[in-house]
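Architecture and fold: a report
Below, each chain spelled out in residue letters.
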Amino acid sequence: MRYRQLTTGSLALGVILLIDVLRVWLPGIITIFGQAASTPAELMGAFALGWFVLAAAAPALVRRVGARPVTVTAAVLLAAARLALTATPGGRAQLWLATAGLLAGLVWLVGVAGGIDRPVPGLALGLAVNAALHALLDTYDLAWRSDWTAWLLSAVAVGAFLLATAVRGTPPGPGGARSWLLAGPVLLLAGMVALAPALAQTAMSYLVADDGVASSPLFGLAPVPVAVAGFLLAALAGPPRRPWGRALGPVAVLAGAVLFALDNGDLLLAAIPLTAIGLGACLALTDAASAVGLARADAASAVDPSRADAVGGSATAAGVGVGEAGRVDALRAAARRGYALAAGMLVFVLAAVAYYSAYDLGYPNGAVPVVVAGLVAAVAFTSRPVVGPPAGRRSAGSLAPLPTTAVVTALAMLAPVFADKVGVSTNRNGPPKEITVVAYNIRMGFGLDGRFDLPALTNTIERQRPDVVLLSEVDRGWLLNGGHDTLDLLADRLDMPYVFGAAADAVWGDAVLSRWPIEDERTLRLPAVGAPTGAQALAVTVNFSGGVRCAVVSTHLQPPPGGGPVVQARAVVDFAIEYAAGRPLVVGGDLNTEPGDEAFGKFTEAGLVDALAAGRPLATSPADDPRQEIDHVFVSPGLTPSGPVAPPGTASDHLPVAVTLTLPPR
């Protein structure tokens, strides 16, 4: 039992390290290997898929040389890659290190699958602990940090993983293939919905605002402990004893996926716990048969110790059996588990590519998480029901459900207390005479080197001493981008509350941050006119006190193929002028149009003033060699602009634009 618990711990630690690597590798596909919206999505998808297909050959390798050598070698490579990612400066080195870590992690999983027929406790524990830690770190992972704390904690995790891997496990039984098959689909749904702290924080932010916008929430990470507890308890407590109870988990995971797929921020808070509990319950259904098989393997080892001694040999790759028949059966069982794991991880990457490529190619993607949830539900529900161990007695290798859940949930509960921070808007004595406005396309927080570099992004904005910040390409939890809540992280560091307007879906869009109170938030979904990525216009009123208010509109126009964003520009102008209703007005963002273009003219024809005119030419893209003037600020005639700049930097693929505005006299 002691060794089997170590095996469970090793699997959990490896899952944590592999997810860390994935959070670096996935965004590298669209920021280093290619460029989102310019590199063909098919090419980036083929690159991603290729490594998972290559890993599908690992079961044959395990069969030839044995599970133990493959597992240990791959574990060392995974650990080394994870540590190296903390030190890499970004760029191609980061991409290939992450790729090496990913491939090593996939091969390690295949090797582990060959020797473990009951992976659910380890998988569930790894996913739950990773979510708790991700929340406690406020979704800013250790791999992106370079301070001594990040190094120390990373080294401790890697060291514990390698030590646990060094301990030989006990021989597995013949089952476990269904549980391993679900590893990839469960990883996808956990990262996208069920155990995604950034999504939980976004869901809470929709509760504190109206009209489809989101605002800075208090205790935004509060749903995380609930999701972690529901998932872990459902996974470890075992399946319901009543036949009708077996349908609850599959129904819950499907319902949660459907709510998520509707792209409605107000539904996210229900989607998260439903999906979490459903995933845990589905894992428990596949785990039941394996638990019985594991108990039988324990009994066989007690009768014939030579079975246990055979673990890790090349002829007995799965570690079971004496005699030719036993060896053949063991090899077949190990191969089934390895291929099941590889197939499940292929589902992971195919679904991820299909879901996120839609934002470049323009097809509906809501069915993707629902189909994956349907696969999980079908595999779980059709798992053969078995009679488990007597009540009150756990099978070998399992974790105590209540104590384990309590410990991990307690860790997750620290996040709302220590990681949550809400900026406080300042209402100074009397309205200011001047304000500084910054408009910045932040590319989801990733710099030109492909690193998620919050300090660089924060410093770029802070140097302008802004009163109001308009952000474009704001990501609040895409698994493809590492699962960060970039908006909340940036707002915390700037100490400015935010308002968010969804564009492509409920967690990707535009935002306004302000040092002054914000009122009357509204959003308008803009016509797509053939552009694959959605667009919106977010309007807020900034209260400068003393009766002085200013309307601010943040947007990111998306030009249709072969044309300019003329239709969207007209819609933004009409919406902004109607919203301002005669008050001072600021409109800004990445408008994807240059001075002299038809779309640019829609703003000036409506009577708005180009606030950056005095500084032109003021190119902002690409950041390392700016040639295009596509980021703009327009103001109503009552506001007087001065000092427009586009400060240099590579914290994004755009440069920000900043301008000082003199408010009209009262």
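Use the structure listed above.
These numbers come from a predicted model, not from an experiment.

**As for the overall build of the protein chain**
- Scanning the protein chain from N- to C-terminus turns up 21 helices and 13 strands.
- Its C-alpha radius of gyration of 27 Å places the protein chain within 12% of the 26 Å reference for a compact globule of 666 residues.
- By principal-axis analysis of the C-alpha atoms, the protein chain measures approximately 90 × 45 × 45 Å.
- Across the 666 residues of the protein chain, 60% fall into the buried class.
- Partitioning the contacts of the protein chain with sequence separation of at least 6, the portion at a separation of at least 24 is 78%.
- Here the protein chain displays about 23,800 Å² of accessible surface, and carbon together with sulfur accounts for 63% of that area.
- Within the protein chain, one finds 43 positive and 47 negative side-chain charges whose respective centroids are separated by 14 Å.

**Side note on unusual backbone geometry**
- Going from R616 to P617, the amide bond is cis rather than trans, its omega being 5 degrees.
- Checked against the element boundaries, P617 lands in the loop between strand 10 (609-610) and strand 11 (631-635).
- Cis geometry is found at the peptide bond from S621 to P622, where omega equals -10 degrees.
- A positive phi angle, close to 70 degrees, is found at T139, a residue other than glycine.
- Judged by its relative accessible area of 0%, T139 is buried.
- In the Ramachandran plot, S545 falls in the positive-phi region, its phi being about 75 degrees despite a non-glycine side chain.
- Along the chain, the position of S545 falls in the loop between strand 7 (536-543) and strand 8 (549-556).

**A word on the sheet that holds strand 8**
- Reading across the sheet, the 6 strands line up as 6-7-8-9-11-10 and stay open at both edges, with mixed pairing between neighbours. The strands lining the two open edges of the sheet, one partner per strand, are strand 6 (518-525) and strand 10.
- Packed onto the sheet, helix 20 (residues 566-580) meets strand 6, strand 7, strand 8 and strand 9 (585-590) and runs at close to 155 degrees relative to strand 6.
- Those strands touched by helix 21 (residues 598-605) are strand 9, strand 10 and strand 11, and its axis lies near 20 degrees from that of strand 11.

**So, the pattern of salt bridges**
- Inspection of every chain in the model, using the stated rule, returns 9 salt bridges.
- The salt bridge involving R476 is made with D485; its shortest N-O contact spans 3.0 Å. Across the pair, D485 and R476 agree in class, each one buried.
- Here R549 ties to E519 by a salt bridge, and the two come within 3.1 Å at their closest N and O atoms. Of this pair, R549 sits in strand 8 while E519 sits in strand 6, and the two are 30 residues apart along the sequence.
- The class for E519 is partly exposed, based on a relative accessible area of 28%.
- One network of salt bridges, with partners in common, ties together D610, R616 and E629.

Rules used throughout
- Residues numbered from 1 in each chain as written.
- Predicted model: local features only at pLDDT ≥ 70, side-chain atom pairs only at ≥ 80, totals over all residues.
- Heavy atoms only, no water.
- Helix = DSSP H or I, 4+ residues; strand = E, 2+ residues; numbered from the N terminus.
- Rg over C-alpha atoms; globule rule 2.2 N^0.38 Å.
- Buried < 20%, exposed > 50% of the residue type's maximum accessible area, 1.4 Å probe, protein only.
- Contact = heavy atoms within 4.5 Å.
- Areas by Shrake-Rupley, 256 points an atom, 1.4 Å probe, with all protein chains shown as cover.
- Lys, Arg positive; Asp, Glu negative; His and termini not counted.
- Charge placed at Lys NZ, Arg CZ, Asp CG, Glu CD.
- Pairing = 2+ DSSP bridges.
- Axes fitted to C-alpha atoms, helices over the stretch in contact; angles between N-to-C directions.
- Salt bridge = Lys/Arg side-chain N within 4 Å of Asp/Glu carboxyl O.

None of this, on its own, says anything about what the molecule does.
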